[in-house]
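# Survey of secondary and tertiary structure
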Amino acid sequence: MSDHDPKNEAANAMWGGRFSAAPAEAMRRFNASIETDKRLAEEDIDGSRAHARMLAAQGIISAEDEGAILAGLEQISREIADGAFQWSEAFEDVHMNVEHRLSELIGPAAGRLHTARSRNDQVATDLRLAVRTRLDRLAAAISDWQRALLGLAADHVETVMPGFTHLQPATPVTFAHHLLAYVEMAERDKGRALDARRRLNECPLGAAALAGTSHPIDREATAAALGFERPCRNSLDAVSSRDFAMEAASAASFAAITLSRFAEEIVVFSTPQFGFMQCSERYATGSSIMPQKRNPDAAELIRGKTGGVLAAFQSLAVTMKGLPLAYSKDMQEGKAPALDALETVEDCLAIAAGMTAELMVFPERMAAAAGVGHTTAVDLADLLVRRAGLPFREAHHVVGRLVALADARGTSLSDLPLAEAQGVSASVDAEMLAALDPAASVRSRAHVGGPAPEVVRAEMDRWRTALGGA
């Protein structure tokens, strides 16, 4: 094949000077990343704008070329937004597609845009910008879900329900207290996302392929123009590191796990066996064969999508674990998992916020379940400690025998005949048995972090302030 074969030139227009043959058709498809790269188009154009302005300010390109480049990039941005841009696998990625279109619009000046940069520092910059934006959106979406949780909790500060360990009845709490546990968990998830954002906020532009450039560039200027805190301090690290994407995927994974646990409880608690709650019709679906069904599919899909989010982090980690410095094409495979994980969790949070805000709760069912399973047994042990002076371990043993007695009689602790209870321990009195009410148990736990209504109200006020109103 001739060096000037038109097909070869089109396929290799940006890098083909060294080559005398075009890539095999299968290799062309295998090598292209354009379907993923479309999602980085605006970030790529933003990076090119900053780079062009810096080149002109440094006298590396002329002001005339700068103007033409910026005007051309603006038109390309509009074409992409309008869906009119013609993407081509022949140009492999977003960078070369944009550059090719720019050359069509402004001619040879387009070729000057790539002075002092490489696709290696371009893609690292694009991906950092894209991940940063998505981490910001993730943090905002977490706050929205927290506000929805607080809104639901406001109606249930005194709604008593069983607290569980091992999914067995343990000690009474309130539904508001239960919801605030997720507010706390979500806040840590948000903190991880913001921590990841802080660490990634360094600019790779100027690192070029791996060793920088001999042109007199101003890396501080491009970093500032793109909203980065500083340039990356090492050119090798700038183009070869994807730990920022891994950390973002990890943060997304933590948030997905929190959401999945919440979703699992909605699935379980909305069964007739519990009957604590029900999803609104806007967040449920029916069955194609069973007309009575009302399935909590929003919650189930949140739970199901968590697997893909966790796999995204694993994919990134496995891809990176064996790569030498600096750039390797393997890294191309890390873009989609990172973006997918962040976007999936953002979608799940939006669904969770809507589902939470419209959740139908049945306090009577919760209250009825709150005393099932001797949930106030520890209260009786505490009374024996405080009033009778028993060591806690002895009190624990006494109450355990009383529970066994109540089970044998098929009754609750509070309904045991006093004489039979005193047959186990003379320290038990009628006032102790009468005090074993789930609501009273909740009210007695009025310490920091406890479920007592006054404590929960104070916590909700604190969270409303922290979240800017809810």
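Everything discussed here concerns the structure shown above.
The notes below deal with the structure included here. Computed from a prediction, not measured in an experiment: that's the story for all the values here.

### Examining the overall build of the protein
A count of helices and strands for the protein gives 20 helices and six strands. For a compact globule of 470 residues, the expected C-alpha radius of gyration is about 23 Å, and the protein comes in at 31 Å, more than 25% above that figure. If one aligns the C-alpha atoms of the protein with their principal axes, the spans along those axes are about 105 × 50 × 40 Å. The buried share of the protein, taken over its 470 residues, is 48%. Considering only residue pairs separated by 6 or more positions, the protein has 73% of its internal contacts joining residues 24 or more positions apart. Accessible surface, the protein as shown: approximately 21800 Å² in total, 53% of it carbon and sulfur.

### Here's the deal with the pairing of strand β2 (residues 168-174)
Looking at chain direction, strand β1 (residues 160-165) and β2 are connected through five bridges and run antiparallel. Across the sheet, M161 pairs through a bridge with V173, a residue of β2. The antiparallel pairing of β1 with β2 creates a hairpin that spans two residues between the two strands, and H166 there sits at a positive phi of about 60°.

### Quick notes on the pattern of salt bridges
Two side chains that carry opposite charge are able to pair once their charged atoms sit near each other. Under the counting rule described, the total for this entry stands at 32 salt bridges. In this structure, E92 and R119 form a salt bridge, with 2.9 Å as the shortest nitrogen-oxygen distance. With E92 in the loop between α5 (63-82) and α6 (94-106) and R119 in helix α7 (residues 119-153), this pair connects stretches of sequence that are 27 residues apart. Given a relative accessible area of 6%, E92 falls into the buried group.

### Notes on the environment of F313
Tracing the backbone shows F313 in helix α12 (residues 297-320). Sequence separation between F313 and S250 is 63 residues, and the spatial gap between their C-alpha atoms is 6.0 Å. Setting aside chain neighbours within four positions, we find F313 in contact with M246, A249, S250 and S253.

### Concerning a nonpolar patch on the surface
A contiguous nonpolar patch, built from L210, L236 and L325 and spanning about 270 Å² of accessible area, is present on the exposed surface. By secondary structure assignment, the location of L325 is in the loop between α12 and α13 (335-357).

Rules of the game
Residues numbered from 1 in each chain as written. Predicted model: local features only at pLDDT ≥ 70, side-chain atom pairs only at ≥ 80, totals over all residues. Heavy atoms only, no water. Helix = DSSP H or I, 4+ residues; strand = E, 2+ residues; numbered from the N terminus. Rg over C-alpha atoms; globule rule 2.2 N^0.38 Å. Buried < 20%, exposed > 50% of the residue type's maximum accessible area, 1.4 Å probe, protein only. Contact = heavy atoms within 4.5 Å. Areas by Shrake-Rupley, 256 points an atom, 1.4 Å probe, with all protein chains shown as cover. Pairing = 2+ DSSP bridges. Salt bridge = Lys/Arg side-chain N within 4 Å of Asp/Glu carboxyl O. Patch = residues over 30% accessible without salt bridge, like charges linked within 9 Å, V, L, I, M, F, W, Y side chains within 5 Å.

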